[in-house]
Amino acid sequence: MLERAVLCHAIRDPSGETRDRLFRRLHPFLFRDHGHRELYVAVSKLIPPLEEVSLAQGMGRLTLEECGGLKGLFELTQTVPHLGHADKHAELLRKANLN
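Everything in this summary refers to the structure shown in the same document.

Criteria and thresholds
Each residue is numbered by its place in its chain's sequence as written, counting from 1. A pLDDT threshold of at least 70 governs which residues receive local features in this predicted model, and a stricter bar of 80 or more applies before side-chain atom pairs are shown or counted, although totals over entire chains, interfaces and linings include all residues. Side-chain numbers come from the whole structure's heavy atoms, not from hydrogens or water. Only runs of H or I of at least four residues qualify as helices and only runs of E of at least two qualify as strands under DSSP, and these elements are numbered from the N terminus. Atoms considered for the radius of gyration are the C-alpha atoms alone. The globule rule reads 2.2 Å times the number of residues to the power 0.38. Residue exposure (1.4 Å probe, protein chains only): buried if accessible area is under 20% of the type maximum, exposed if over 50%, otherwise partly exposed. Residue contacts are defined here by distance: any two heavy atoms, one from each residue, within 4.5 Å place the two residues in contact. Positive charge is attributed to Lys and Arg, negative charge to Asp and Glu, and no charge count is given to His or to the chain ends. Charge placement uses NZ in Lys and CZ in Arg. For Asp and Glu, CG and CD serve respectively. The salt bridge criterion pairs a side-chain nitrogen of Lys or Arg with a carboxyl oxygen of Asp or Glu, the two atoms within 4 Å.

With that settled, consider the overall build of the protein chain. For the protein chain, the count of helices and strands is 7 helices and 0 strands. Beginning at the N terminus, the succession of helices and strands in the protein chain can be written as α-α-α-α-α-α-α. Scaling as 2.2 N^0.38, a compact globule of 99 residues should have a C-alpha radius of gyration of about 13 Å, and the protein chain matches this with 12 Å. Dimensions of the protein chain, computed from the C-alpha atoms along their principal axes, are close to 30 × 25 × 25 Å. In the protein chain, buried positions account for 43% of the 99 residues. Taking as baseline every contact in the protein chain between residues at least 6 positions apart, the subset at least 24 positions apart corresponds to 71%. For the protein chain, the distance from the average position of its 14 positive side-chain charges to the average position of its 13 negative side-chain charges is 5 Å.

Dropping the structure here:
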């Protein structure tokens, strides 16, 4: 759930500031789920604002399938109701995967 929350924050922030802050703090290998890791890398290469269709096009077929297709990607972007806890989710993910 933390991985999904961090990805949701990175994708939904229209300015890209949250995404950039997350990428400075979290290495892709902190994501245990391979699909989430690949999505995190794909998001880092795109210019905000991001939306599901352009993100899907930039991901590649295999990565998109690992995320559950376009429907799964849309559901992932609905993981958190607002972007106010991005830093807290990032810190929890970091702590959980460094142990």
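Secondary-structure assignment places Lys 45 in helix H3 (residues 34-45). In the structure, Lys 45 is positioned 13 residues away from Gly 58 in sequence and 8.5 Å away in space, judged by C-alpha atoms.

As for its position among the elements, Thr 63 is in helix H5 (residues 61-66). Each C-alpha atom of the pair Thr 63 and His 36 lies 8.6 Å from the other, and the pair is 27 residues apart in sequence. Setting aside residues no more than four positions away along its own chain, Thr 63 makes contact with Gly 35, Glu 38 and Leu 39.

Tallying each qualifying case throughout the model produces 5 salt bridges. Of the charged contacts, one joins Arg 19 and Asp 20 as a salt bridge, the two residues approaching to 3.1 Å between their closest N and O atoms. Arg 19 sits in the buried class, given a relative accessible area of 8%. Residue classification places Asp 20 among the partly exposed residues on the basis of a relative accessible area of 33%. A salt bridge links Glu 75 to Lys 71; the shortest N-O distance between them is 3.2 Å. On the criterion of helical spacing, the pair formed by Glu 75 and Lys 71 is a turn pair, its members being 4 residues apart in helix H6 (residues 69-76). A relative accessible area of 40% means that Glu 75 is categorised as partly exposed.

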